[in-house]
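# Reading the structure
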Amino acid sequence: MANDSKTWRCGKYELSFDRPRIMGVLNVTPDSFSDGGEHFDPDAAIEYGLAMLDAGADIIDVGGESTRPGFTPVNPDEEARRVLPVVRALAKEGAIVSIDTRHVAVAKAAVRCGASIVNDVTGFTDPKMVEFVKTSTCGVIVMHAGEVAASARTHATVQLDTSAAAFVAEKAREAAAEAAREAEKPARRRRGKLLGEPKPEAKLPGGVVQPSLPFGEPEPATEPASEQETPAAEQAAAAETVAPAPEATEAASEPNDRLAAMMRRSARREEAYVPTSQLRRFTLPDSAPIMRRVMGFLSDQARALIHAGVSRDRICIDPGPGFGKTANEDIVIQRETAKMASLGYPLMCAVSRKRFVGAVSGVTEAAERDAATFGVCLGAIQAGANIVRVHDAAGFAQFLNGYWAVAKPQPRRAFVAVGSNLGHRCDNIRAARDMIAEIPLTCVSNSSKIYESEPAYETRQDAFANAVIEIKTELAPLVLLDELMKIEAELGRDRSKKAKANGPRTIDLDLLWMDGETHGGKKLRLPHPLIGERDFVLVPLEDLMHDPARFFRYNGVEVKEPEDRVGHIVGELGRM
């Protein structure tokens, strides 16, 4: 299950998986398969990324090149121009940002701009990408892209005949076929090598062999003897085929654009497919050969990264649904989620709006497949997936919160800072504590004493009464924050535009920290970004834990020395 002991280190962040994590998809492209062009403008993309964070996304995956079937490769300079302003703005707001790219130059620039994760759809088969990530601290996502089953063989009808004439005729056919194969061998050479010969494999530092790309070989083109001998389905597919753009043809000739060639083959295979009357014994293909290819590649690439110098706790794996795979193969892979989770790495479920989701749900339009996506993701979570990559982050956050509250009892420790400098200050704080205890799935486990402090930031106001309340809650952080803001409103907190940001208030409730949670965005930052400079928070925390300064420094928070803090404590006002 998702609440396991795995952790994922991504730069300065460390993600735990006591809850599944939501990765929101942000395509800064004009041609993505379900939302192309919606967030192509950088400002629109930034606004949407922040909205996903405020709705419950833990990670934002920013991509500047569509990899849908039949996509046209994008120049790395153009890709960087699209994504870098978005990455920079989201990282500035404390977001965990993933850069979805297969180009080393784009990955380097994005990490410099604040990205914490490199999501490489080619599975780090480029030694230059491996060389880069081994010198950084970012998290990495190893994805499998490629065909997972050999082409179906054509079986001739067998007619049993035990006559001597039939035996002689069969031997003659075998001899003729062998002679034809021998004559064909010179024509099968390409660039000086036989088609069946293995390709040279790249060597990484330390002598580690880097496997070749898992995209498979293009099917060899065959000339039919005559138009009459060409199957009707193939003629129709050929008639509808549009010649690729010059830039696509040029890009496909480059080694790292074998992905584009593979996805074009995948698109053609889907378009040219026609049902046949051939009966099958089983509803799905055998899982063993499919999973050997997928799991073999993922585990081999993960080990290659480790040997190259990338620590194991930085690696996440993704089976790559939709990348060169048929709907049947994708279902087989999803049903084997538990086996992939057993490899020990954080596991990604990236099925959002994919073709196979439409196939099993009967939904044609990609943008309307979110409900079906949630169902597939739930199955993956129950089988051990740790991260779900979805387009509708807000909808999935609601879905997950509802499921998790009922299915997974999981109280977690959190701290809430309480302050007041209007009216009966101590009574306001005690009333807030009692109301917090009434929040669903939440209880108050401890409280600090009430202290008086100097006003911080806006100094021309009365002194504050401050305390910190320790709670246990099973709510998601953003849901808990909404409940705290309801309490503020009920106790008379003025949050209108005319109120000063740090001015007088009846009550102020800040969610400071929650066990296992890191979050960024406009609505909520965890840990609270100002906790390390507030004396009126750190001193009350000493009543609840030993050495809070050390505790928060360990959690990546910069904590200032007492003399450099704001809102200094000047006295005690009593117990809660």
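Structure first, text after, so check above.
Because the structure is predicted, anything quoted here is derived from the model rather than measured. (Residues numbered from 1 in each chain as written. Predicted model: local features only at pLDDT ≥ 70, side-chain atom pairs only at ≥ 80, totals over all residues. Heavy atoms only, no water.)

## Things to note about the overall build of the protein
- Within the protein, the regular secondary structure consists of 18 helices and 20 strands.
- By the burial criterion, 48% of the 576 residues in the protein qualify as buried.
- Pairs at least 24 apart in sequence give 72% of the contacts found in the protein among residues at least 6 apart. (Helix = DSSP H or I, 4+ residues; strand = E, 2+ residues; numbered from the N terminus. Buried < 20%, exposed > 50% of the residue type's maximum accessible area, 1.4 Å probe, protein only. Contact = heavy atoms within 4.5 Å.)

## Quick look at empty space enclosed by the protein
- Throughout the structure, instances matching the rule amount to one cavity of 30 Å³ or more.
- In this structure, the largest cavity encloses a volume near 30 Å³.
- For the largest cavity, the full set of lining residues is Glu 65, Thr 67, Glu 79, Asp 100, Thr 101, Arg 102 and Val 121.
- For the lining of the largest cavity, the residue count by class is one nonpolar, two polar and four charged. (1 Å grid on protein atoms, 1.4 Å probe; cavity = no way out; pocket = protein on both sides within 12 Å on 5 of 7 lines; lining within 4 Å. Points joined across faces, edges and corners; volume = space filled by probe spheres on them. Nonpolar A, V, L, I, M, F, W, Y, C, P; charged D, E, K, R; others polar.)

## What about the side chain of Asp 508?
- For Asp 508, the position within the fold is in strand 19 (residues 508–514).
- Relative accessible area serves as the criterion here: at 14%, Asp 508 is assigned to the buried category.
- Discounting chain neighbours no more than four positions away, the residues touching Asp 508 are Ala 417, Val 418, Gly 419, Glu 488, Arg 493 and Arg 495.

## So, the pairing of strand 5 (residues 96–100)
- Among the five residues that make up strand 5, five are buried, leaving the element largely enclosed by the rest of the structure.
- Here strand 5 shows a buried face lined by Ile 96, Ser 98 and Asp 100 and a second buried face lined by Val 97 and Ile 99.
- Bridging between strand 4 (residues 59–63) and strand 5 involves five bridges; their strand directions are parallel. Counterpart to Val 62 in the pairing with strand 5 is Ile 99.
- Note: strand 5 against strand 6 (residues 117–120), three bridges, orientation parallel. The residue bridging Ile 99 from the neighbouring strand is Val 118, located in strand 6.
- Crossover handedness for the path strand 5 to helix 3 (residues 104–112) to strand 6: right-handed. (Pairing = 2+ DSSP bridges. Right-handed = clockwise from strand over helix to strand, strands pointing away.)

## A look at the packing of helix 13 (residues 370–383) against helix 14 (residues 393–407)
- Viewed as axis vectors pointing N to C, helix 13 and helix 14 meet at an angle of 45°, and their least axial separation amounts to 11 Å. Judged by the angle between their axes, helix 13 and helix 14 are oblique. For the pair helix 13 and helix 14, the crossing hand works out as right-handed. Judged by residue contacts, Phe 374, Cys 377, Leu 378, Ile 381 and Gln 382 of helix 13 engage Gly 395, Phe 396, Phe 399, Leu 400, Tyr 403 and Trp 404 from helix 14.
- Looking at the contact of helix 13 with helix 14 residue by residue, the classes come out as nine nonpolar, two polar and no charged. (Axes fitted to C-alpha atoms, helices over the stretch in contact; angles between N-to-C directions. Parallel < 35°, antiparallel > 145°, perpendicular 65-115°, else oblique. Left-handed = near helix turned anticlockwise from the far one by under 90°.)

## Thoughts on the sheet that holds strand 4
- Read from one edge to the other, the open sheet built from eight strands follows the order 12-7-6-5-4-3-14-13, with strand pairing classed as parallel. One side of each edge strand has no neighbouring strand; the edge strands of this open sheet are strand 12 (315–318) and strand 13 (348–349).
- Of the strand pairs in this sheet, strand 3 (residues 21–27) and strand 4 are connected by five bridges, and their pairing is parallel. From the neighbouring strand, Val 25 faces strand 4, where its bridge partner is Asp 61.

## Quick word on helix 3
- Within the sequence span of helix 3, burial applies to Val 104, Val 106, Ala 107, Ala 109 and Ala 110.
- Elements in contact with the buried residues of helix 3: helix 2 (76–92), strand 5, strand 6 and helix 4 (127–134).
- A positive phi of about 120° marks Gly 114, the residue just after helix 3.

## Concerning unusual backbone geometry
- The step from Leu 526 to Pro 527 runs through a cis peptide bond, and the omega angle for that step is -10°.
- Relative to the elements of secondary structure, Pro 527 occurs in the loop between strand 19 and helix 17 (535–541).
- Located in the positive-phi region is Tyr 457, a residue other than glycine, with phi close to 70°.
- Relative to the assigned elements, Tyr 457 resides in the loop between strand 17 (450–453) and strand 18 (464–473).
- Overall, Tyr 457 belongs to the partly exposed group, its relative accessible area being 35%.
- One non-glycine residue with positive phi stands out, namely Asp 547, at about 50°.
- On the basis of relative accessible area, Asp 547 is assigned to the partly exposed category, the value being 34%.

## Section: helix 1 (residues 42–55)
- Between its first and last C-alpha, helix 1 extends 20 Å over 14 residues, near the 20 Å set by a 1.5 Å rise per residue.
- Among the residues of helix 1, those classed as buried are Ala 45, Ile 46, Gly 49, Leu 50, Met 52 and Leu 53. Here the buried residues of helix 1 occupy an arc of 155° about the axis, which is enough to place them on one side. Along helix 1, exposed side chains directed more than 90 degrees from the buried face belong to Asp 43 and Glu 47.
- Check the buried side of helix 1 and you find it contacts strand 3, strand 4, helix 2, helix 14 and helix 16 (477–490).
- For helix 1, the N-terminal capping position is held by Asp 41, with its side-chain oxygen 3.2 Å away from the main-chain nitrogen of Asp 43.
- Remark: Gly 56 follows helix 1 within two positions and exhibits a positive phi of approximately 130°. (Expected span 1.5 Å × (residues − 1). Arc of directions from axis to C-beta. Polar contact = N/O pair within 3.5 Å; in protein donor to acceptor, adjacent residues only side chain to side chain.)

## Some words on the packing of helix 1 against helix 2
- Axis separation between helix 1 and helix 2 bottoms out at 9 Å; the angle between their running directions is 35°. Judged by the twist between their axes, the crossing of helix 1 over helix 2 is right-handed. Between helix 1 and helix 2, the contacting residues are Pro 42, Ala 45, Ile 46, Gly 49 and Leu 50 on the first element and Pro 85, Val 86, Ala 89 and Leu 90 on the second.
- Its residues assigned to classes, the contact of helix 1 with helix 2 shows eight nonpolar, one polar and no charged.

## Some remarks on the packing of aromatic side chains
- Counted according to the given criterion, the structure contains seven aromatic pairs.
- Judged by centre distance (5.3 Å) and plane angle (65°), the ring pair of Phe 374 and Phe 396 falls under edge-to-face. With Phe 374 in helix 13 and Phe 396 in helix 14, the pair connects residues that are 22 residues apart, well separated along the chain. Comparing Phe 374 with Phe 396, the two get one shared label, buried. (Phe/Tyr/Trp six-rings, centres within 6.5 Å; stacked < 30°, edge-to-face > 60°.)

## What about the pattern of salt bridges?
- Summed over the entire model, instances satisfying the criterion amount to 32 salt bridges.
- The closest approach of N and O atoms between Arg 389 and Asp 100, which form a salt bridge, is 3.4 Å. On the criterion of sequence distance, the pair formed by Arg 389 in strand 14 (residues 387–390) and Asp 100 in strand 5 is long-range, its members being 289 residues apart.
- For Arg 389, a relative accessible area of 12% corresponds to the buried category.
- A salt bridge links Glu 561 to Arg 553; the shortest N-O distance between them is 3.6 Å.
- Residue class for Arg 553 comes out partly exposed when judged on its relative accessible area of 39%.
- Connected through salt bridges with shared partners, the residues Asp 18, Arg 21, Asp 58, Arg 412 and Glu 517 form a single ionic network. (Salt bridge = Lys/Arg side-chain N within 4 Å of Asp/Glu carboxyl O.)

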